[in-house]
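Each chain, written out:
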Amino acid sequence: MPDIIAIDVLLEPDARMLAQAETNNARLREAFPDGFGLDAEHRPHVTLLQCFVGVHDLEPLCDAAGEAIRNGNVTDIELQAVRYGYTPGPGMGIAGIWAASTPVLSKLQADVVAAAKPFMAATATIDAFTAGHGNPSFDAALIAYVSGFVTKCVGANFDPHVSTGVAPIEYLDRMIAEPFVPFAFAPASAAVCQLGPFGTAARLLKRWDAAG
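Residues numbered from 1 in each chain as written. Predicted model: local features only at pLDDT ≥ 70, side-chain atom pairs only at ≥ 80, totals over all residues. Heavy atoms only, no water.

1. Details of the overall build of the protein chain
Broken down by element type, the protein chain carries six helices and nine strands. In summary, the protein chain has a C-alpha radius of gyration of 16 Å against a globular reference of 17 Å for 212 residues, a match within 12%. On the principal axes, the C-alpha backbone points of the protein chain span a range of 45 × 40 × 30 Å. By the burial criterion, 48% of the 212 residues in the protein chain qualify as buried. The centroid of the 13 positive side-chain charges in the protein chain is displaced by 3 Å from the centroid of its 23 negative side-chain charges. (Helix = DSSP H or I, 4+ residues; strand = E, 2+ residues; numbered from the N terminus. Rg over C-alpha atoms; globule rule 2.2 N^0.38 Å. Buried < 20%, exposed > 50% of the residue type's maximum accessible area, 1.4 Å probe, protein only. Lys, Arg positive; Asp, Glu negative; His and termini not counted. Charge placed at Lys NZ, Arg CZ, Asp CG, Glu CD.)

Written as structure tokens, this is what we have:
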């Protein structure tokens, strides 16, 4: 393991969201067979925080974030999925199902970020992830995204979603224009994972279940 790793502090969704995510992933893989499936190295999740952390600071970060998560009663949070969306990359996009933010979810994110902030590293190389992309543009885009997460994706910019796969931008533009039937879901647990290619939750490091 490198000295610094890229991690995701996340919520793992319940069966309602997992079923929808699997359905969307299947169509994305049909459109783009080189994309990823949803499995133990590509765990469906709602990101609260992505950051770099020194390996020696990982345990204290997990302890601090875990206290915020337990205090937040994450399995009692009700969420509403409202649309398809994607995060653009060089020629491709990371697609997903977007949820409406709520005051409770935003507070949980703020508490997790505040707890983790003393342990964060500013940036790292692609070695901080479980693997690279074999594409310097994708590697650079992912490093920049994680490095800038607290600045660009927290607070008023929090945009909760569950990533479901990868496809060309042209396909995703058509997909997000389709009608979407909203549905309710909730977190089943929370976890910390090492990030992999395309920002996937690739390696489980810590999990907090409903009992804390």
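2. Concerning the layout of surface pockets
Taken as a whole, the largest pocket spans an internal volume of roughly 540 Å³. Thr-87, Ile-94, Tyr-145, His-161 and Phe-198 are, among the 32 residues lining the largest pocket, the residues nearest its centre. Within the residue set of the lining of the largest pocket, elements represented by two or more residues are strand S2 (46–54), strand S3 (79–88), strand S4 (92–99), helix H4 (136–147) and strand S6 (161–168). Its residues assigned to classes, the lining of the largest pocket shows 17 nonpolar, 13 polar and two charged. (1 Å grid on protein atoms, 1.4 Å probe; cavity = no way out; pocket = protein on both sides within 12 Å on 5 of 7 lines; lining within 4 Å. Points joined across faces, edges and corners; volume = space filled by probe spheres on them. Nonpolar A, V, L, I, M, F, W, Y, C, P; charged D, E, K, R; others polar.)

3. What about the pattern of salt bridges?
If the charged atoms of two oppositely charged side chains come close together, the side chains can form a pair. One pass over the structure, following the stated rule, counts six salt bridges. Residue Glu-78 pairs with Arg-16 through a salt bridge whose shortest N-O separation is 4.0 Å. Within this pair, whereas Glu-78 is found in the loop between helix H2 (58–71) and S3, its partner Arg-16 is found in helix H1 (residues 15–31), the two being separated by 62 residues in sequence. In this structure, Arg-83 and Asp-159 form a salt bridge, with 3.8 Å as the shortest nitrogen-oxygen distance. (Salt bridge = Lys/Arg side-chain N within 4 Å of Asp/Glu carboxyl O.)

4. Re the packing of H1 against helix H6 (residues 169–176)
Relative to each other, H1 and H6 sit at 145°, their axes nearing to 11 Å. Along this stretch, H1 crosses H6, giving a crossing that reads as right-handed. Contacts between H1 and H6 involve Asn-24, Arg-27, Leu-28 and Ala-31 from the former and Tyr-171, Leu-172 and Met-175 from the latter. Taken together, the residues of the contact of H1 with H6 sort by class into five nonpolar, one polar and one charged. (Axes fitted to C-alpha atoms, helices over the stretch in contact; angles between N-to-C directions. Left-handed = near helix turned anticlockwise from the far one by under 90°. Contact = heavy atoms within 4.5 Å.)

5. Concerning the state of the cysteines
Enumeration according to the criterion identifies zero disulfides in this entry. The thiol of Cys-62 is not disulfide-bonded; the next cysteine sulfur, from Cys-51, is found 9.5 Å away. Between Cys-153, a cysteine without a disulfide, and Cys-51, which holds the nearest cysteine sulfur, the sulfur-to-sulfur distance is 12 Å. (Disulfide = S-S within 2.5 Å.)

6. Comments concerning helix H3 (residues 103–116)
When the terminal C-alpha atoms of H3 are compared, their 20 Å separation across 14 residues agrees well with the 20 Å that a helix rising 1.5 Å per residue should span. Of all the residues in H3, the buried ones are Leu-105, Leu-108, Gln-109, Val-112, Val-113, Ala-115 and Ala-116. Taken end-on, H3 shows its buried residues confined to a sector of 165°, consistent with a single buried face. Facing away from the buried side of H3, by more than 90 degrees, are the exposed residues Pro-103, Lys-107 and Ala-114. Against the buried residues of H3 lie strand S1 (4–13), S2, H2, S3, strand S5 (120–121) and helix H5 (149–152). (Expected span 1.5 Å × (residues − 1). Arc of directions from axis to C-beta.)

7. Description of H6
Those residues of H6 lying buried are Ile-169, Tyr-171, Leu-172 and Met-175. Taken end-on, H6 shows its buried residues confined to a sector of 155°, consistent with a single buried face. Facing away from the buried surface of H6 by more than 90 degrees, the exposed residues are Glu-170 and Arg-174. Tucked into the core, H6 has its buried residues touching H1, S3, S4 and S6.

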